[in-house]
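Here's the letter readout for the chains.
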Amino acid sequence: MHEVSIARSIIDEVKKSCSRKILVRIEKINIKIGQATCVSPESLDKAFTALKKDTPLENAELNIKKIPLEIKCRECRKKTRDAQWPVLLCGSCSSNSVDIITGRELRIDTVEIDDSKRQF
Ligand SMILES: [Zn+2]
C-alpha cells in the first residue's frame, strides 16, 4: 500500500531531523497533501497509527492538511481553483492545456512540541 510507505518515510524523516529528546515530546506532525497526489488521508493516518507503536513518536498525531488543486490555463492564462483531479480543465475556456500550480504537495510542514512549533 502506497500510504504505508509514505507513513514510514514521514517517521524516518522526523526521526532523522530531531533528537530523541525532542522526538518523545512531539505531539503533532503537520503535513500537507495536495489533491493531485492521490494519497488518502484516512489510509495514511491509519498507517501512521500502526507504525508509530513502540517508537519515540508513539504520542504524536498526524495532522493532515489537504491542499486544493489549482491550475493555470496555458491558453487564456486564467487560474482555476478546486479543479477535480484527474480531469484538469480550465474553468474559463475548458482547455485541457493547463499547468498545476498547487496540489502536488506531499511534505512535512511543522512538528508541534508541547506548546512550541518547529519549522521543518
Ligand atoms: Zn483557459
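Please read these numbers as outputs of a predicted model, since none were measured by experiment. All chains use their own residue numbering, which begins from 1 and follows the written sequence. In keeping with the model being predicted, local features are shown solely for residues with a pLDDT of at least 70 and side-chain atom pairs are shown and tallied solely at 80 or more, while totals for entire chains, interfaces and linings include all residues.

A. Summary view of the overall build of the protein chain. Across its full length, the protein chain holds three helices and seven strands. Every helix listed is a DSSP run of H or I at least four residues long, and every strand listed is a run of E at least two residues long, numbered separately from the N terminus. The N-to-C order of helical and strand elements in the protein chain reads α-α-β-α-β-β-β-β-β-β. Atoms counted for the radius of gyration: C-alpha only. Globule rule: 2.2 Å times the number of residues to the power 0.38. Over its C-alpha trace the protein chain gives a radius of gyration of 17 Å, far above what one expects of a compact globule, namely 14 Å for 120 residues. The principal-axis extent of the C-alpha atoms belonging to the protein chain is close to 55 × 30 × 20 Å. Between the buried cut of 20 or more and the exposed cut of 12 or fewer other C-beta atoms within 10 Å of a residue's own C-beta lies the partly exposed class, and all C-beta atoms are placed from the backbone. Relative to its full complement of 120 residues, the protein chain shows a buried share of 22%. The contact criterion used is a C-beta to C-beta distance within 7 Å, with each C-beta placed from the backbone. Within the protein chain, counting contacts between residues at least 6 apart in sequence, those at least 24 apart form 68% of the total.

B. Region of the structure containing the sheet that holds strand E6 (residues 106-113). One bridge is not enough; two strands pair if DSSP finds at least two bridges between them. If you trace the four strands from one edge of the open sheet to the other, you get E2-E1-E6-E7, paired in mixed fashion. In this open sheet, the two strands that pair with only one neighbour each are strand E2 (61-67) and strand E7 (116-119). Put simply, the sheet's adjacent strands are angled 25 degrees from each other on average, direction ignored. Angular values range over 0 to 180 degrees, each being the angle between N-to-C directions of two axes fitted as lines to C-alpha atoms, with helices fitted over their stretch in contact. The strands touched by helix H1 (residues 2-17) within the sheet are strand E1 (26-34) and E6, with E6 carrying the most contacts at an inclination of about 50 degrees. Those strands touched by helix H3 (residues 41-51) are E1 and E2, and its axis lies near 160 degrees from that of E2.

C. View of H1. Under the 1.5 Å per step criterion, the end-to-end length of H1 is 23 Å for 16 residues, consistent within 8% with the ideal 22 Å. Within H1, the full set of buried residues consists of Ala-7, Ile-10, Ile-11 and Val-14. Taken end-on, H1 shows its buried residues confined to a sector of 95 degrees, consistent with a single buried face. What points out from H1, more than 90 degrees from its buried face, is the exposed set Ser-5, Ser-9, Asp-12 and Lys-16. Taken together, the buried residues of H1 touch E1, H3 and E6. Helix span, as expected, comes to 1.5 Å for every residue beyond the first. Throughout, the arc means that of the directions going from the helix axis to the C-beta atoms.

D. Layout of the pairing of strand E3 (residues 70-73). Here E3 shows one buried face, formed by Ile-71 and Cys-73, and one open face, formed by Glu-70 and Lys-72. As paired strands, E3 and strand E4 (residues 79-81) are joined by three bridges and run antiparallel to one another. Pairing of Lys-72 across the sheet is with Lys-79, part of E4. Hairpin remark: E3 followed by E4, antiparallel, with five residues in the connecting loop; positive phi at Arg-77, about 65 degrees.

E. Region of interest: the sheet that holds E4. Across the sheet, three strands lie side by side as E4-E3-E5; this open sheet has antiparallel pairing. Where the open sheet ends on each side, the last strands, each with one partner, are E4 and strand E5 (98-102). Averaged over all pairs of adjacent strands, the angle between their axes in this sheet comes to 30 degrees, without regard to strand direction. Looking at chain direction, E3 and E5 are connected through four bridges and run antiparallel. Paired with Glu-70 across the bridge in E5 is Thr-102.

F. Region of interest: the environment of Ile-71. In this fold, Ile-71 is placed in strand E3. It is 42 Å that separates the C-alpha atoms of Ile-71 and Asp-54, two residues lying 17 residues apart in sequence. With sequence-adjacent residues up to four places away left out, Ile-71 is seen in contact with Thr-80, Ala-83, Leu-88, Val-98, Asp-99, Ile-100 and Ile-101.

Coordinates in, geometry out; function isn't part of it.
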